[in-house]
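Structural description and commentary
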Amino acid sequence: MLCDLCPRECHIERTERQGGYCGVGTLPKIARIAPHYDEEPILSGTGGAGTVFFSGCSLRCVYCQNHEISADDFGTYITPYQLSEEYRRLEAMGVHNIEFVTPTHYIDAILESLCYYRPKLPLVYNSSGYEKVESLKKLDGVIDIYLPDFKYSNNTLAHRLSACADYAETAAAAIEEMLRQVGAPVMEDKLMKRGVMIRHLVLPSHVKNSIGVLEIIKEKWDSSVLVSLMSQYFPTGKADQYPDINRRITLREYQKVLDKLYELELDGFAQELESADKKYVPKWNYGN
Ligand code: SF4
């Protein structure tokens, strides 16, 4: 098929094992499927989030914290039916949800897998935020919780680090559509059952970008969404080619962004600064 699923709009023939900018075919390529305990407490709970980590990525930031799977070709191809069997396995392990991680380029395969088996758990869509509204509409009535990143308010930075000069407006339109589909956050027994939680990873040297993101969230959505501020950045991937991001964030930088979060009275979570460690990167082991 000619693929235009994400804003890259490659419009190329995407086969089962060969893709465009995302680097992967239409068959799900999997890096890890397992309960995950390091998400926000309202997703991980005590039983873990039922994470499905897909390989490939339509954004491919130079500093990708998961570059081994987003750009370095790790992963095993499975069929949508096999994917549906994995939902059953996770469900039997007692996870609180099924979380699709970096699923943008697999929307069609995920929808097919859910025809074989629809888990009786909330479905979480965890993405870079760089999405086409038209593609998200296919998920209307399917996804319960959207977990988009909002990485950049500064498109010059987005262009430099993620090769997309239209990130801010594209992500804002995507989040608008997500919110239209699922509405305000719904909690039950301290677990998120429905709604939108926006993640933002603070980058070193770019506090203004982060503050800009928080201001956009306040202005557009305020208490209709939760915010999760992440401090876990560490230099990896191609970050060594970009001096400004070739280090961890400082306490002073993080505090400035935290101060803005509190000043704007946005609801959600803020990671501890000590989360900036490679040990929080999951083990990529699917198929091994
Ligand atoms: S999903 Fe992949 S092949 Fe399709 S438009 Fe996006 S980057 Fe290109």
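Every residue gets a number counted from 1 within its own chain, in the order that chain's sequence is written. For a predicted model such as this one, the threshold for reporting local features is a pLDDT of at least 70, and the threshold for listing and counting side-chain atom pairs is 80 or more; totals across whole chains, interfaces and linings nevertheless cover every residue. Computation of side-chain values covers all heavy atoms of the structure but excludes hydrogens and water.

So, on to the environment of Arg160. Secondary structure elements are taken from DSSP: a helix is a run of H or I of four residues or more, a strand is a run of E of two residues or more, and numbering for both begins at the N terminus. Here Arg160 lies in helix H6 (residues 155–162). The sequence separation of Arg160 and Tyr242 amounts to 82 residues, and the corresponding C-alpha distance is 9.6 Å. Whether two residues are in contact is decided by their heavy atoms, any of which lying within 4.5 Å being enough. Not counting chain neighbours up to four residues away, the residues in contact with Arg160 comprise His206, Tyr242 and Asp244.

All right, on to the side chain of Gln65 then. Residue position: Gln65 is located in the loop between strand S4 (49–54) and helix H2 (67–70). In protein, a polar contact means a hydrogen-donor-capable atom and an acceptor-capable atom, both N or O and within 3.5 Å, with residues adjacent in sequence counting only if both atoms are side-chain atoms; elsewhere, any N or O pair within 3.5 Å suffices. A polar side-chain atom of Gln65 sits 2.9 Å from the main-chain carbonyl oxygen of Tyr63. Here the side chain of Gln65 touches Phe234 through a polar contact of 3.0 Å, landing on its backbone oxygen. Setting aside residues no more than four positions away along its own chain, Gln65 makes contact with Leu201, Gln232, Tyr233, Phe234, Thr236 and Val281.

This next bit is on the site of the ligand. Each residue is tested against the molecule or strand, and it is near if at least one of its non-hydrogen atoms lies within 4 Å. Near the ligand, the surroundings consist of Cys3, Asp4, Leu5, Cys6, Arg8, Glu9, Cys10, Arg14, Gly20, Tyr21, Cys22 and His105. Gly is placed with the polar residues, together with every amino acid not listed as nonpolar (Ala, Val, Leu, Ile, Met, Phe, Trp, Tyr, Cys and Pro) or charged (Asp, Glu, Lys and Arg). Residue composition of the shell around the ligand, by class: six nonpolar, two polar and four charged.

Type-normalised accessible area, obtained with a 1.4 Å probe on protein chains alone, sets the label of each residue: buried when under 20%, exposed when over 50%, and partly exposed for intermediate values. Of the residues making up helix H4 (residues 107–116), those classed as buried are Ile107, Ala109, Ile110, Ser113 and Leu114. The buried residues of H4 occupy an angular sector of 160 degrees when projected down its axis, which confines them to one face. The secondary structure elements touched by the buried residues of H4 are S4, helix H3 (80–92), strand S6 (98–101), strand S7 (123–127) and helix H5 (133–136). It is the directions from the helix axis to the C-beta atoms that the arc portrays.

Below, the discussion takes up the pattern of salt bridges. Think of a salt bridge as a Lys or Arg side-chain nitrogen and an Asp or Glu carboxyl oxygen that are within 4 Å of each other. Counted under the stated rule, the structure contains 18 salt bridges. In this structure, Glu85 and Arg88 form a salt bridge, with 3.3 Å as the shortest nitrogen-oxygen distance. Of this pair, Glu85 and Arg88 both sit in helix H3, separated by three residues, roughly a single helical turn. With relative accessibility at 34%, the residue Glu85 sits in the partly exposed group. For Arg88, a relative accessible area of 39% gives the class partly exposed.

This part takes up the nonpolar core. Residues Tyr63 and Phe150 are the most contacted members of the largest nonpolar core, which totals 78 residues. Broken down by element, the residue count for this core peaks at eight residues, all from helix H7 (residues 167–182). Note on terminology: a nonpolar core comprises buried Ala, Val, Leu, Ile, Met, Phe, Trp, Tyr and Cys residues joined through side-chain atoms within 4.5 Å. Core analysis: the next-biggest nonpolar cluster, separate from the first, contains eight residues, Leu43, Val124, Met192 and Met197 among them.

A word on the side chain of Glu91. Structurally, Glu91 can be placed in helix H3. When charges are counted, neither His nor the chain ends are considered; positive counts come from Lys and Arg and negative counts from Asp and Glu. As a buried residue without a salt bridge, Glu91 has its nearest oppositely charged side chain in Lys120, at a separation of 4.7 Å. With sequence-adjacent residues up to four places away left out, Glu91 is seen in contact with Tyr117, Pro119, Lys120 and Leu121.

Any two of the Phe, Tyr and Trp rings considered here, Trp counted by its six-membered ring, make a pair once their centres fall within 6.5 Å; the pair's planes then place it as stacked at under 30 degrees, edge-to-face at over 60, or tilted in between. Going through the model one piece at a time under the given rule, you end up with ten aromatic pairs. Seen from their ring centres, Phe54 and Tyr106 are 5.1 Å apart, and the 45 degrees between their planes marks the pair as tilted. Taken together, the positions of Phe54 in strand S4 and Tyr106 in the loop between S6 and H4 put the pair 52 residues apart, joining distant regions of the chain. Site record: aromatic cluster; members linked through ring pairs are Tyr130, Phe150, Tyr152, Tyr167 and Trp221. For the cation-ring pair, Arg8 lies above Tyr21, with the distance from its terminal atom to the ring centre recorded as 4.0 Å. The rule is short: NZ of Lys or CZ of Arg within 6 Å of the ring centre and within 35 degrees of the ring normal puts a charge over the ring. Above the ring of Tyr117, the side-chain terminus of Arg88 is found at 4.0 Å from the ring centroid.

Next up on the list: H7. Given a helix with a known number of residues, its expected span is that number minus one, times 1.5 Å. Between its terminal C-alpha atoms H7 stretches 22 Å, which fits the 22 Å expected from 16 residues at 1.5 Å a residue. Burial runs high along H7: twelve of the 16 residues are buried. Among the residues of H7, those classed as buried are Tyr167, Ala168, Thr170, Ala171, Ala172, Ala174, Ile175, Glu177, Met178, Leu179, Gln181 and Val182. Looking at the buried side of H7, the elements it contacts are S7, H5, strand S8 (145–148), H6, strand S10 (191–201) and helix H8 (207–220).

Attention now moves to the packing of H3 against H4. For any two helices packed against each other, one specifies the crossing angle of their axes together with the interaxial distance. For the pair H3 and H4, interaxial distance at closest approach is 8 Å and the crossing angle is 60 degrees. Taken together, the axes of H3 and H4 lie oblique to each other. Viewed along their axes, H3 and H4 form a crossing whose handedness is right-handed. Contacts between H3 and H4 pair Pro80, Tyr81, Leu83, Ser84, Tyr87 and Arg88 from the former with Ala109, Ile110, Glu112, Ser113, Leu114 and Tyr116 from the latter. What counts as an axis is a line fitted to C-alpha atoms, over the stretch in contact for a helix, and the angles between N-to-C directions run from 0 to 180 degrees. If an angle is under 35 degrees, it is roughly parallel; if it is over 145, roughly antiparallel; if it lies from 65 to 115, roughly perpendicular; otherwise it is oblique. The handedness criterion is simple: a crossing whose near helix is rotated anticlockwise from the far helix by less than a right angle is left-handed, and one whose near helix is rotated clockwise is right-handed.

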